[in-house]
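Overview (structure and organization)
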Amino acid sequence: MRMTLRWYGPGFDSVTLEQIKQIPGVTGVITTLYDVPAGDEWTYDRVKGLKDIVEAAGLKIEGIESINIHDSIKIGTPDRDKYIDNYIKSLEAVGKNDIHMVCYNFMPVFDWTRTDLAKMRPDGSTVLAYDQKVVDTIDPQTFFNQTTDNSNGFVMPGWEPERLAHVHKLFDAYKDVTSDKLFDNLVYFLNAIGPVCEKYDIKMAIHPDDPAWPVFNLPRIITGKEAILKMLKAVDKPYNGITLCMGSLGTNLNNDLPDIIRSCKGRVHFAHIRNLHHFAPGVFEEAAHLSSDGSFDMYEAVKALHDIGFDGPARPDHGRTIWGEKCMPGYGLYDRALGAMYIQGLWEAIDKAEKRGV
Ligand SMILES: O=C(O)[C@@H](O)[C@@H](O)[C@H](O)[C@H](O)CO
Ligand SMILES: [Fe+2]
């Protein structure tokens, strides 16, 4: 496991590379060209420019999160091949820069969905939270406006205003897209990018749907063990893997995280490590990474990653907003730094116990 932090790039993040560099054990970042709209081609020079900035701070780009997928590819419209060609060129730009992991998601319209971006906890920290009852009573456009209005002035990942300005039109474009069709479109995409992934040894790490069930009646296909194994089998090549996102899969308490990790041995290319506190099915808030602060047994999940020999990049996923920090919801420095230390502590203990045969 290589410990990283997500960094949104110059001008988009309240956290600096110099701060990230001071977190013990964090050797790299996961980043992106945040200003390139989904569907546009990434160039070698733009990626190189970003890489130079990261390396000048003494860090390494351990992977890209995300190169977002244009809706035409997900919907399967006739112009999808043009966007797939652009995606291939983007992968080429990444591969030629010696970057070998790309995280992406295949969720229609919205990326992750939360109903509160700053829910106050008893200790005064604020966290992202979800309540299915709220989603059930709100229309998607209002929902979108609320989410973007409450993000402290930051553009939230996957919530780009240009694309989401016309949520109704997007919903309309997806009206005939069943989950089977969405799945077929994913397989089509994965097969098409296979040669470039193999040429540059790029590992594709699909991010699970968050939450792990359909929202606003949009299909969701990466929701649990069965769905993930079906996807891995449909394109049964090492480049086709997953981002093991504990917080996303863990939205559904029927998902057994250690079991999913073990059954994806060899295909976990990236790990998002975080904890949720569940109140009832479909009602949860994000918690500190420590097991006792939420509902997950973080030791068991990290142990499963260790047991499968996971050697890819990992990052603490969303953190709480604490100590008065002004930051993008979920992406402050302080709580993610605490998370990085805790996860590395678990890893060190598991690793040493195993070596000593304990
Ligand atoms: O919840 C988050 O902040 C991330 O885990 C996702 O936005 C993730 O980056 C995307 O789904 C991957 O494309
Ligand atoms: Fe995640």
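Residues numbered from 1 in each chain as written. Chains lettered and ligands numbered in written order. Predicted model: local features only at pLDDT ≥ 70, side-chain atom pairs only at ≥ 80, totals over all residues. Heavy atoms only, no water.

1. Regarding the coordination of the iron ion (ligand 2)
Bound to the iron ion (ligand 2) on the protein side are His207 (NE2), Cys245 (SG), His272 (ND1) and Asp317 (OD), at distances that span 2.2 to 2.4 Å. All donors of the iron ion (ligand 2) belong to a single chain; written as a sequence motif, their spacing is H-x37-C-x26-H-x44-D. Of this pair, His207 sits in strand 7 (residues 203-207) while His272 is found in strand 9 (residues 268-273), placing the two residues 65 residues apart along the sequence. Take His207: its relative accessible area is 10%, and that puts it in the buried class. Among the residues examined, His272 registers a relative accessible area of 1% and is labelled buried. (Donors = N, O, S within 2.8 Å, 3.2 Å for Na, K, Ca; no water. Helix = DSSP H or I, 4+ residues; strand = E, 2+ residues; numbered from the N terminus. Buried < 20%, exposed > 50% of the residue type's maximum accessible area, 1.4 Å probe, protein only.)

2. With respect to the site of ligand 1
In the vicinity of ligand 1 there are 15 residues, among which Glu65, Ser66, Asn105, His318 and Tyr331 approach most closely. A distance of 2.9 Å separates an oxygen atom of ligand 1 from a polar atom in the side chain of Asp111. In isolation ligand 1 has 340 Å² of accessible area, and contact with the protein removes 100% of it. When its residues are assigned to classes, the shell around ligand 1 shows five nonpolar, five polar and five charged. (Near = heavy atom within 4 Å. Polar contact = N/O pair within 3.5 Å; in protein donor to acceptor, adjacent residues only side chain to side chain. Areas by Shrake-Rupley, 256 points an atom, 1.4 Å probe, with all protein chains shown as cover. Nonpolar A, V, L, I, M, F, W, Y, C, P; charged D, E, K, R; others polar.)

3. Here's the deal with the sheet that holds strand 9
Consider a sheet: its strands pair through backbone hydrogen bonds, and that pairing is either parallel or antiparallel. Here we have eight strands rolled up into a closed barrel, ordered 1-2-3-4-7-8-9-12, and parallel in their pairing. Direction aside, the axes of adjacent strands within the sheet are offset by 30° on average. Pairing geometry for strand 1 (residues 2-6) and strand 12 (residues 313-316), over two bridges, is parallel. Along strand 12, the bridge assignment pairs Met3 with Ala314. (Pairing = 2+ DSSP bridges. Axes fitted to C-alpha atoms, helices over the stretch in contact; angles between N-to-C directions.)

By themselves, these figures tell us nothing about what the structure is for.
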